[in-house]
Protein chains: 2
Amino acid sequence: LSIEVHILGSSSATPVFDRHPTSQLIKILHHQYLIDCGEGTQMQLSRYNHKPNKISRIFISHLHGDHFFGLIGLVSTMSLQGRKNPLTIYAPLGLKDILSLQFKYSETILNFPLYIEVVDEASLTTILDKDDHQVECFPLSHRIPCYGYRFTRKQAAPSLIKDRLPENISVQDIIQLKQGHNLVNDEGEVTVYCKDVTQPTQEAVSYAYCSDTIYTPSLSELLKGTTLLYHESTFTKEYESRAQSTFHSTAEQAALVAKNMGVKKLLLGHFSARYKDLSPIQDEARQIFPYSFLAIEGQKFCI
Amino acid sequence: LSIEVHILGSSSATPVFDRHPTSQLIKILHHQYLIDCGEGTQMQLSRYNHKPNKISRIFISHLHGDHFFGLIGLVSTMSLQGRKNPLTIYAPLGLKDILSLQFKYSETILNFPLYIEVVDEASLTTILDKDDHQVECFPLSHRIPCYGYRFTRKQAAPSLIKDRLPENISVQDIIQLKQGHNLVNDEGEVTVYCKDVTQPTQEAVSYAYCSDTIYTPSLSELLKGTTLLYHESTFTKEYESRAQSTFHSTAEQAALVAKNMGVKKLLLGHFSARYKDLSPIQDEARQIFPYSFLAIEGQKFCI
């Protein structure tokens, strides 16, 4: 598996019906990242047997409470549990002030290095770039500054089929082949086709997280090629004007974005407290995009 | 019933084994007050069918996270639920800054008046005085400024037995009797004994909350006459030196304070994450003071 998305909470601002505010644990290769951290996230991690200290990076979409009120508690617990490894938090301006003030009055000194990176990207930007995966950030349109994130497992380098390689092949030529290039001689003629001596590897796959946001059709073009999309669907279309005035989306709008983006699957979340039964949200989305699923806490979605 | 203590959480800093950090809902006559508000308190209120908007006052002991990280979420939810009634929070210096900063970045404007009263009492002081009940505050000894609170339902005014009153009794004399005084004539002789014309009423009862604190024997004298005591017991006596170095108490120490205070019942709480089974804590306290009980979330204690 390349990317796992573990839903820890998908309620909107008011937690009800045992639904917790937003948080997701992303496992990408051997890395564990958290997206958003509503109140109670540390208890939800514990409930589903995830270890807080395996999380190396946290990505906060925006500073409405249902997306980050659990962060200070989680960070404090990491320290109490003896964490030594650094933690990096990506968040809009303000989070550092908020955490620092709480540490000041509680006279807390963390046991580990905490780095806070301010995100204020005006367009799709790579904020983390590793050999095997990357994270991009992009602006969403909400009542306060708000950002989405896309996590991509890159296509791995092709693996060489050794007994098909020319004898005495140079290190430089091996690097060329591993980067997916053919070998050419001085006259520009191909001497070895990459596809003849390598095995294909799994294509790049990606997961994009869009919450909270007003209906923004241009997201489909911006995030074209995404495999799995989470898009907020706070309301059903019956409340479309309320969605618009509060800078949220309906299930139908989320499905339109997903359909036009060409994703494989859509996850719906950030459910308003008015819905005890969530099936109308899923039904509405599936009218537009059949591969729509409710992001229910405790569930896992894999790519 | 005069005072009800509803336990919402009694874990110490790290929430484990489905135990939540500290919070208690106090019902005193028709008032509902909250003491401390660890992360997840709003969910715990909901789980046990309490209505956040019936709470008129919140008392915070100190600014360690396990005692107040749930406050910002609870206050935000109160506003989202349309609260109009004022809320008063009593807390050590710093809380106002912490809440204000979060409201600033989330661009939150509350629907109701929020008053924050700074507690910095150097000795036992009445901070709220009503006809039928009062709340006192007193300093505890912890690593950062920390305060205990005592809630007292006052003894009600004696009720008059009308057919035993002298004819044509004056309003002033009735007030004297209701205040518990005998009536005297100009020569200083008693003409009517209060006890002869009034029915006795229930005595004053009180609940004192002491968390977090290092073992402080002088509390017993300070709070003499208290009916029900909650005293932290983070550790068993096996960890007495750790209790001392972290400014916490053992179960034995809590029981000694209760015994010497002469209370009717002791509630133990703020349990360290090292105890999955809490019975050793109760057993240890009962060796000293038999009326010792674990403050388990979901339980209610009545006076």
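Trainee: Hey, could you run me through the interface of chain A and chain B in this one?
Mentor: It is common to give the size of an interface as the accessible area that goes away when the parts come together. Chain A puts 34 residues into the contact, and the matching count from chain B is 34 residues. Counting the surface lost from both chain A and chain B, the interface buries some 2700 Å², and carbon and sulfur atoms represent 64% of this. Summed over the three residues of chain A that lose the most area to chain B, namely Glu39(A), Phe69(A) and Tyr105(A), the buried surface amounts to 25% of that side. Our enumeration of links across chain A and chain B arrives at eight residue pairs in polar contact (both at pLDDT 80 or more). Secondary-structure elements contributing two or more residues to the side of chain A that touches chain B are α1 (41-47), α2 (71-80) and α3 (95-105) of chain A. A class-by-class count of the residues in the side of chain A that touches chain B yields 14 nonpolar, 15 polar and five charged.

Trainee: I keep staring at helix α8 (residues 251-261) of chain A and nothing clicks. Help me out?
Mentor: Residue and element names in this part refer to chain A. Taken residue by residue, α8 has Ala-251, Gln-253, Ala-254, Ala-255, Val-257, Ala-258 and Met-261 as its buried positions. On its buried face, α8 is in contact with α6 (218-222), β15 (228-232), α7 (240-245), β16 (265-269) and α9 (279-288). Just downstream of α8 lies Gly-262, where phi reads positive at about 75°.

Trainee: Would you mind showing me how to read the sheet that holds strand β7 (residues 125-129) of chain A here?
Mentor: Within a sheet, adjacent strands bond to each other through the backbone by hydrogen bonds, running parallel or antiparallel. Residue and element names in this part refer to chain A. The strand order across the open sheet formed by seven strands is β7-β8-β9-β14-β15-β16-β17, and the pairing between neighbours is mixed. Only two strands of the sheet have a single neighbouring strand rather than two, namely β7 and β17 (292-294). Averaged over all neighbouring strand pairs, the angle between strand axes comes to 20°, with direction disregarded. Judged from the eight bridges that link them, strand β8 (residues 133-140) and strand β9 (residues 146-153) form a sheet pairing that is antiparallel. Within β9, the position partnered with Val-135 by the bridge is Phe-151. Set on the sheet, α8 makes contact with β15 and β16; between it and β15 the angle comes to about 155°. Here α9 sits on the sheet in contact with β16 and β17, set at roughly 170° to β17.

Trainee: Would you take a moment to explain the confidence of the model for chain A for this structure?
Mentor: Detailed conclusions should not be drawn from predicted coordinates in areas where pLDDT is low. On average, residues of chain A carry a pLDDT of 94, and 100% of them reach 70 or more. For this predicted complex, the interface confidence comes out at an ipTM of 0.83, alongside a pTM of 0.87.

Trainee: I tried to follow the packing of aromatic side chains on my own but got confused; where do I start?
Mentor: Note on aromatic pairs: each is described by the distance of the centres and the angle between the planes. Following the criterion strictly, the structure yields 18 aromatic pairs over all chains and no others. For the ring pair Phe68(A) and Phe69(A), a centre distance of 5.1 Å and an interplane angle of 55° mean the geometry is tilted. Considered together, Phe68(A) and Phe69(A) belong to a single accessibility category, that of buried residues. Ring centres of Phe235(B) and Tyr239(B) lie 6.1 Å apart, and the angle between their planes is 40°; this geometry places the pair in the tilted category. The class of Phe235(B) is buried, set by a relative accessible area of 4%. Ring pairs connect the aromatic residues Tyr33(A), Phe59(A), Tyr90(A), Tyr149(A) and Phe151(A), which therefore count as one cluster.

Trainee: Looking at this structure, how should I read the pairing of β7(A)?
Mentor: Looking down a regular strand, the side chains alternate between one sheet face and the other. All names here are of chain A. The sheet contact formed by β7 and β8 spans four bridges and is antiparallel. Note on β8: the bridge partner recorded for Leu-128 is Val-135. Counted along the chain from β7 to the antiparallel partner β8, the turn is three residues long.

Trainee: Is there a simple way to think about the sheet that holds strand β8 (residues 133-140) of chain B in this case?
Mentor: All names here are of chain B. If you trace the seven strands from one edge of the open sheet to the other, you get β7-β8-β9-β14-β15-β16-β17, paired in mixed fashion. Whereas interior strands pair on both sides, the edge strands pair on one side only; in this sheet they are β7 (125-129) and β17 (292-294). Across the sheet, the mean angle separating the axes of adjacent strands is 20° when strand polarity is ignored. Here three bridges tie strand β16 (residues 265-269) to β17, and the two strands are oriented parallel to one another. Residue pairing for β17: Leu-266 is matched across the bridge by Ser-292. Contacts between helix α8 (residues 251-261) and the sheet are confined to β15 (228-232) and β16, with β15 contributing the most and set at about 155° to the helix. Contacting β16 and β17, helix α9 (residues 279-288) crosses the sheet at an angle of about 170° to β17.

Trainee: Explanation requested: the packing of helix α2 (residues 71-80) of chain B against helix α3 (residues 95-105) of chain B in the structure shown.
Mentor: For any two helices packed against each other, the geometry is given by the interaxial angle and the distance between the axes. Residue and element names in this part refer to chain B. Viewed as axis vectors pointing N to C, α2 and α3 meet at an angle of 55°, and their least axial separation amounts to 11 Å. Between α2 and α3, the angle is such that the two are oblique. Crossing of α2 over α3 shows right-handed handedness. On α3, the residues that touch Leu-71, Ile-72, Val-75 and Ser-76 of α2 are Leu-95, Leu-99, Gln-102 and Phe-103. Taken together, the residues of the contact of α2 with α3 break down into six nonpolar, two polar and no charged.

Trainee: Quick question: what am I supposed to make of the pattern of salt bridges here?
Mentor: A side chain of one charge can pair with a side chain of the opposite charge when the charged atoms of the two come close. Inspection of the entire model under this criterion finds eight salt bridges over all chains. Between Lys195(A) and Asp196(A) there is a salt bridge, with its nearest N and O atoms 3.5 Å apart. With a relative accessible area of 65%, Lys195(A) lands in the exposed category. Salt-bridge contacts for Asp129(B) lead to Lys154(B); the nearest nitrogen and oxygen are separated by 2.6 Å. Note that Asp129(B) is positioned in strand β7 and Lys154(B) in the loop between β9 (146-153) and β10 (159-160), a separation of 25 residues in sequence.

Trainee: Help me understand the relation of the copies chain A and chain B, please; the structure alone is not making it clear to me.
Mentor: Two chain copies, one operation linking them: a rotation about an axis together with a shift along it. Once turned by 179° and shifted 0.1 Å along the axis, chain A lies on chain B with an RMSD of 0.2 Å. Here the copies are linked by what is in effect a two-fold axis. Among all residues of chain A, the one whose C-alpha sits closest to the rotation axis is Gly40(A), at a distance of 2.8 Å.

Trainee: Would you mind going over unusual backbone geometry with me for this structure?
Mentor: All names here are of chain A. At the junction of Ser-211 and Asp-212, the peptide bond is cis and its omega measures out at -5° in the coordinates. Relative to the helices and strands, Asp-212 is located in the loop between β14 (205-210) and α6. The backbone phi angle of His-270 is positive, close to 65°, even though this residue is not glycine. One can find His-270 in the loop between β16 and α9.

Cut-off values and rules
Residues numbered from 1 in each chain as written. Chains lettered and ligands numbered in written order. Predicted model: local features only at pLDDT ≥ 70, side-chain atom pairs only at ≥ 80, totals over all residues. Heavy atoms only, no water. Contact = heavy atoms within 4.5 Å. Buried area = accessible area lost by both parts, 1.4 Å probe. Polar contact = N/O pair within 3.5 Å; in protein donor to acceptor, adjacent residues only side chain to side chain. Helix = DSSP H or I, 4+ residues; strand = E, 2+ residues; numbered from the N terminus. Nonpolar A, V, L, I, M, F, W, Y, C, P; charged D, E, K, R; others polar. Buried < 20%, exposed > 50% of the residue type's maximum accessible area, 1.4 Å probe, protein only. Pairing = 2+ DSSP bridges. Axes fitted to C-alpha atoms, helices over the stretch in contact; angles between N-to-C directions. pLDDT = per-residue confidence, 0-100. Phe/Tyr/Trp six-rings, centres within 6.5 Å; stacked < 30°, edge-to-face > 60°. Parallel < 35°, antiparallel > 145°, perpendicular 65-115°, else oblique. Left-handed = near helix turned anticlockwise from the far one by under 90°. Salt bridge = Lys/Arg side-chain N within 4 Å of Asp/Glu carboxyl O. Least-squares fit on C-alpha atoms with pLDDT ≥ 70 in both.

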